[in-house]
Amino acid sequence: MRVLRPALVGTFVISTLLVALAPQAGAEPVTEDAMAWLLTQQQDDGGFEVAQFDGFETPDAILAIAAHAQTTGTWSTAEAHAAVDAVAFGGTGPTALDWLDTWLGGGTVPPEQQAKLIVLVAGPLGLDPTDFDPAEDDDPGEGVDLTAGLDAINPGLFNGWLFGRLAEAELGQNVHQRDLQIICEAAKTVGGGWSFDGMPDATNAADLDSTGFAVMALVAAGVDPADPVLAAAETFVTDGQQANGSWLSFGSEDPNATTLAVWAQLALGNPLGSLDPDPLAWLRTQQDDDDHIISPNDAFGVNTFATSQTIQALLLDQAGADWLPRPAADSGRRCIAPDTYADVPANAWYDDGARWVDDEDIVSGTDGALLPKAEVNRAQASMWLNLMFGGPGGDPHGFVDVPDGAWYEDGVNFVDGAPNGRILTGASDRFRPRVALNRAQAAAWLYAAAGSPDVTGLPAHGFDD
């Protein structure tokens, strides 16, 4: 690791930048002095990678500078972008955005780090994540599409997975329930919270970094804070606060863990004023004589990470400077509990589907079993679709082979005259309830149940049969 090398920025340049970046009201000495120190750490390539792990420090430094620049009651991407652009090495050299441009141009930035750039840089600065050109030196369409690899993130890289889901929520996309379930099912089964390995067992203890981002990812995707998984996480976070207001990381009072705990509490709907003892007061006590924020990792070499995240946290009580946590783009989502079927192995490829149909009371099972390899007949399929839409049934059918009062009668009425249009195809006066529904019919029924949406412009399917 390279010895800490402060950037050679003169006192006049630093003072000028602080005047340009300072919020109009509510500034406090700890935040201002920490920001002044952070600016001295800019490297000659424009980045803030003091520890020399590309992407570890610069995105958070950018967000700290952007948050520090906010002067109104709502987040201004214009102020954020201008502030980061104003921080150039030596006053005229490269900026952090120039560093990002060079880093991305190398073609080795993995998708989980690109997701982090969506959340910490592109979103708060108002830059196009599908044509990301931080240095603004490319023609339109020649930037990097940070969104292209979101689906390729490996859940085994758990914190990267969390940033991927946060990025989808930031982009206004619906986070797939399957992807949410990976987070939900990674929560500790005892004590709540998440660990860096994304495993629910006790091999590694839950930590605040993973827990904070997991909470923010679930809430931003629309999961209700009252969901049992999030309620357990709140208990884990609340119980972990120390008497002085801090939270621990590996047994030591830690500003990064404290910042993530605060973000988690805010995401769960607990306002800053309700956090007692006050974690921001503790963070203010962690400023060293040189104005950086002390971290228990300083023994390995001082870097900018703790200072950047602490600045972000200290600005949370200033209106408009609160980029994280992100608000929910949707609502009413939830973590689906384990199914009750005796014949569905843990982690089966259809486990999420089994969880859902059991939780929604769509498939009651047979003697406690799902019978995953059994065929589905038309009577069962009609009832499943009816229950999937809330069990509305429909006008009486006219099929001669469906007895009055049959257990599947509401399903037949539904597929015969659903609100989105008739689902049933290829029938005359007979429903044929015991005949298996083949895959072609199932596809047609699902399409009709969705309201037969326009498929113009969709790519042709890739099936050769």
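The paragraphs below set out a description of the structure included in this document. Remember, predicted model here, so these are calculated numbers, not experimental data. Counting restarts for each chain: residues are numbered from 1 in the order of the written sequence. A pLDDT threshold of at least 70 governs which residues receive local features in this predicted model, and a stricter bar of 80 or more applies before side-chain atom pairs are shown or counted, although totals over entire chains, interfaces and linings include all residues. Side-chain metrics rest on all non-hydrogen atoms present in the structure, leaving aside hydrogens and water.

### Some remarks on the overall build of the protein
Part 1 of the argument: Secondary structure follows DSSP: runs of H or I at least 4 residues long count as helices, runs of E at least 2 residues long count as strands, and numbering of each begins at the N terminus. The helix and strand inventory of the protein stands at 17 helices and two strands.
Part 2 of the argument: When the backbone C-alpha atoms are referred to their principal axes, the protein occupies close to 90 × 55 × 40 Å.
Part 3 of the argument: Per-residue accessibility, obtained with a 1.4 Å probe over protein chains only, is compared with the maximum for each type, and a residue is labelled buried under 20%, exposed over 50%, and partly exposed between these values. Here the protein holds 465 residues, and 48% of them are scored as buried.
Part 4 of the argument: The contact definition used throughout considers only heavy atoms, calling two residues in contact when any of these lie within 4.5 Å. A fraction of 65% describes how many contacts in the protein between residues 6 or more apart in sequence connect residues 24 or more apart.
Part 5 of the argument: The accessible surface values rely on the Shrake-Rupley method and a 1.4 Å probe; as for residues, cover is taken only from the protein chains in view. Summed over its atoms, the accessible surface of the protein is roughly 21500 Å², and 54% of this surface lies on carbon and sulfur atoms.
Part 6 of the argument: The protein carries 18 positive and 68 negative side-chain charges, and their two centres are separated by 13 Å. Positive charges come from Lys and Arg alone, negative charges from Asp and Glu alone, with His and the N- and C-terminal ends not counted. Lysine's charge is taken at NZ, arginine's at CZ, aspartate's at CG and glutamate's at CD.

### Regarding the nonpolar core
Part 1 of the argument: Nonpolar cores are built from buried Ala, Val, Leu, Ile, Met, Phe, Trp, Tyr and Cys residues. Side-chain atoms within 4.5 Å join them into one set. In terms of nonpolar packing, the biggest core is built from 93 residues, with Trp194 and Leu218 touching the most fellow members.
Part 2 of the argument: Residue contributions to this core peak at nine residues, all from helix H9 (residues 208–220).
Part 3 of the argument: The next biggest cluster of nonpolar side chains, apart from the first, holds 19 residues, and it includes Leu385, Phe399, Tyr408 and Ala449.

### Remarks on the pattern of salt bridges
Part 1 of the argument: By definition here, a salt bridge exists when the distance from a side-chain nitrogen of Lys or Arg to a carboxyl oxygen of Asp or Glu is within 4 Å. Scanning the entire structure with this criterion turns up nine salt bridges.
Part 2 of the argument: For Asp179, the salt bridge identified is with Arg178, shortest N-O distance 3.8 Å.
Part 3 of the argument: When the shortest N-O distance is used, the salt bridge between Arg334 and Glu360 registers 2.4 Å. You can see Arg334 sitting in the loop between helix H13 (305–314) and helix H14 (351–359) and its partner Glu360 sitting in the loop between H14 and helix H15 (378–388), a full 26 residues away along the chain.
Part 4 of the argument: One connected set of salt bridges, linked through shared partners, spans Glu28, Arg284 and Asp317.

### Focus: unusual backbone geometry
Part 1 of the argument: With omega at 5°, the peptide bond leading from Asp276 into Pro277 counts as cis.
Part 2 of the argument: Residue position: Pro277 is located in the loop between helix H11 (255–267) and helix H12 (279–284).
Part 3 of the argument: In this structure, Glu136 is a non-glycine residue whose phi angle is positive, near 55°.
Part 4 of the argument: Mapped onto the secondary structure, Glu136 falls in the loop between helix H6 (111–125) and helix H7 (158–170).
Part 5 of the argument: We note that Asp361 has phi near 55°; this positive angle belongs to a residue other than glycine.
Part 6 of the argument: Relative to the elements of secondary structure, Asp361 occurs in the loop between H14 and H15.
Part 7 of the argument: For Asp361, a relative accessible area of 61% gives the class exposed.

### Description of the side chain of Gln114
Part 1 of the argument: Examined against the element boundaries, Gln114 turns out to sit in helix H6.
Part 2 of the argument: On the basis of relative accessible area, Gln114 is assigned to the buried category, the value being 14%.
Part 3 of the argument: N or O atoms within 3.5 Å of each other form a polar contact, as long as, within protein, one can give a hydrogen and the other can take it, and as long as residues adjacent in sequence are counted only when both atoms are side-chain atoms. Among the polar contacts listed, one links the side chain of Gln114 to the backbone oxygen of Val109, at a separation of 3.0 Å.
Part 4 of the argument: For Gln114, the residues in contact, after removing those within four places along its chain, are Val109, Val144, Asp145 and Leu146.

### Quick notes on H9
Part 1 of the argument: With 13 residues, H9 extends 18 Å from end C-alpha to end C-alpha; this agrees with the ideal 18 Å at 1.5 Å per step.
Part 2 of the argument: Along H9, twelve of the 13 residues are buried, which leaves the element largely enclosed by surrounding structure.
Part 3 of the argument: Turning to H9, its buried residues number three or more, namely Leu208, Ser210, Thr211, Gly212, Phe213, Ala214, Val215, Met216, Ala217, Leu218, Val219 and Ala220.
Part 4 of the argument: Those residues of H9 hidden inside the fold are in contact with H7, helix H8 (177–184), helix H10 (228–240), strand E1 (248–249) and H11.
Part 5 of the argument: For H9, the N-terminal cap is Asp207; the gap from its side-chain oxygen to the backbone nitrogen of Asp209 is 3.2 Å.
Part 6 of the argument: Once H9 ends, the next one or two residues include Gly222, with phi positive near 110°. The span you would expect from a helix comes to 1.5 Å times its residue count less one.

### Details of the packing of aromatic side chains
The description of an aromatic ring pair uses the distance of the two centres, along with the angle that the planes make with each other.
Part 1 of the argument: Between the rings of Phe, Tyr and Trp (Trp by its six-membered ring), a pair exists once the centres lie within 6.5 Å; its type follows the angle of the planes, with under 30 degrees stacked, over 60 edge-to-face, and the other angles tilted. For the structure shown, the criterion picks out nine aromatic pairs.
Part 2 of the argument: Connected via pairs of aromatic rings, a cluster forms that spans Phe163, Phe213 and Trp263.
Part 3 of the argument: One Lys or Arg, Arg326, reaches over the ring of Trp323 and ends 3.7 Å from the middle of that ring. In this scheme, Lys NZ or Arg CZ marks a charge over a ring once it lies within 6 Å of the ring centre and within 35 degrees of the ring normal.

### Quick look at the environment of Asp207
Part 1 of the argument: Summarising the element assignment, Asp207 is placed in the loop between H8 and H9.
Part 2 of the argument: Along the sequence, Asp207 and Leu371 sit 164 residues apart, while their C-alpha atoms lie 39 Å from each other.
Part 3 of the argument: When residues no more than four places from it in sequence are discounted, the contact partners of Asp207 are Trp194, Ser195, Phe196 and Phe236.
Part 4 of the argument: A distance of 3.2 Å separates a polar side-chain atom of Asp207 from the backbone nitrogen of Asp209.

### Some remarks on a negative patch on the surface
Part 1 of the argument: Within the patch definition used here, like charges are joined within 9 Å and nonpolar side chains (Val, Leu, Ile, Met, Phe, Trp, Tyr) within 5 Å, considering only residues with over 30% relative accessible area and no salt bridge. Judged by side-chain charge, Asp85, Glu136, Asp137, Asp138, Asp139 and Glu142 come together as a negatively charged surface patch.
Part 2 of the argument: If you trace the backbone, Asp137 turns up in the loop between H6 and H7.

### Topic: the packing of H9 against H10
Part 1 of the argument: Note on geometry: axes are C-alpha line fits, over the in-contact stretch for helices, and angles between N-to-C directions span 0 to 180 degrees. For the pair H9 and H10, interaxial distance at closest approach is 11 Å and the crossing angle is 145°. Considering only the axes of H9 and H10, their crossing is left-handed. Judged by residue contacts, Leu208, Thr211, Val215, Leu218 and Val219 of H9 engage Val229, Leu230, Ala233, Phe236 and Val237 from H10.
Part 2 of the argument: For the contact of H9 with H10, a count of residues per class yields nine nonpolar, one polar and no charged. In a left-handed crossing the near helix is turned counterclockwise from the far helix by less than a right angle, and in a right-handed crossing that turn is clockwise. Asp, Glu, Lys and Arg are counted as charged, while Ala, Val, Leu, Ile, Met, Phe, Trp, Tyr, Cys and Pro are counted as nonpolar; the rest, among them Gly, fall into the polar class.

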